[in-house]
Amino acid sequence: MDERMNFSKVSPAGFRAVFGVEKYVQGVLDHSVLHLIKVRASILNGCAFCLDMHTTDALKEGESSQRLFGLAAWRDSSFYDDRERAALALTDAVTVLERDGVPDEVWDAVVEHFGEEGAANVLLAIGTINLWTRLNVATRRQPELAG
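Quick caveat: nothing in here was measured; it's all calculated off a predicted structure.

Engineer: Give a description of the pattern of salt bridges that names residues and reports values.
Structural biologist: A complete count under the given rule lists 5 salt bridges for this structure. Where Glu 84 meets Arg 67, a salt bridge forms, and the shortest distance between an N and an O atom there is 2.8 Å. Of this pair, Glu 84 sits in helix H6 (residues 82–95) while Arg 67 sits in helix H5 (residues 65–70), and the two are 17 residues apart along the sequence. Classification of Arg 67 as buried rests on a relative accessible area of 14%. Within the structure, one salt-bridge network assembled from shared partners comprises Arg 40, Arg 75 and Asp 92.

What follows is the structure in structure tokens.
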């Protein structure tokens, strides 16, 4: 599959704008939770580039391969605590929006575990990874084969 365009070269100002939000969420969210959000959204969106990047980054920062692989079936796994499960449920609800939006119980659990400002930051992280995955899927950006 050939890459359609290199978004960062075609629209450097747009790329920098998205990256600005990315840097913000990296500075305010626990990196373990952030990695889980990024990998889960990448799985749901079928973004090979993001999945490769974020699993590699998570492993480098000490996340276990077991927890990363388990994200495909996180609801049936005991690998995640209640706080992480709340963030993952919101990731699922926002990434695959249903007609009725985000259920109250999903939102309430995030606010309970992260507080209102933390919930806003989790939501920004989810929105940002969803924008990245959509840009990469649309342009067919491919990860480089590790060698």
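Moving on from the coordinates now.
Engineer: Got a sec to walk through the confidence of the model for the protein chain? Specific residues and values, please.
Structural biologist: The predicted model of the protein chain has a mean per-residue pLDDT of 95, with 99% of residues at 70 or higher. Mean pLDDT per element in the protein chain: helix H1 (residues 7–10) is the minimum at 92, and H6 is the maximum at 98.

Engineer: Please provide a residue-by-residue account of the side chain of Thr 133, values included.
Structural biologist: The topology assignment puts Thr 133 in helix H7 (residues 104–139). A relative accessible area of 1% means that Thr 133 is categorised as buried. Setting aside residues no more than four positions away along its own chain, Thr 133 makes contact with Ser 42, Asn 45, Cys 47 and Cys 50.

Reading the values: rules and limits
- Residues numbered from 1 in each chain as written.
- Predicted model: local features only at pLDDT ≥ 70, side-chain atom pairs only at ≥ 80, totals over all residues.
- Heavy atoms only, no water.
- Salt bridge = Lys/Arg side-chain N within 4 Å of Asp/Glu carboxyl O.
- Helix = DSSP H or I, 4+ residues; strand = E, 2+ residues; numbered from the N terminus.
- Buried < 20%, exposed > 50% of the residue type's maximum accessible area, 1.4 Å probe, protein only.
- pLDDT = per-residue confidence, 0-100.
- Contact = heavy atoms within 4.5 Å.

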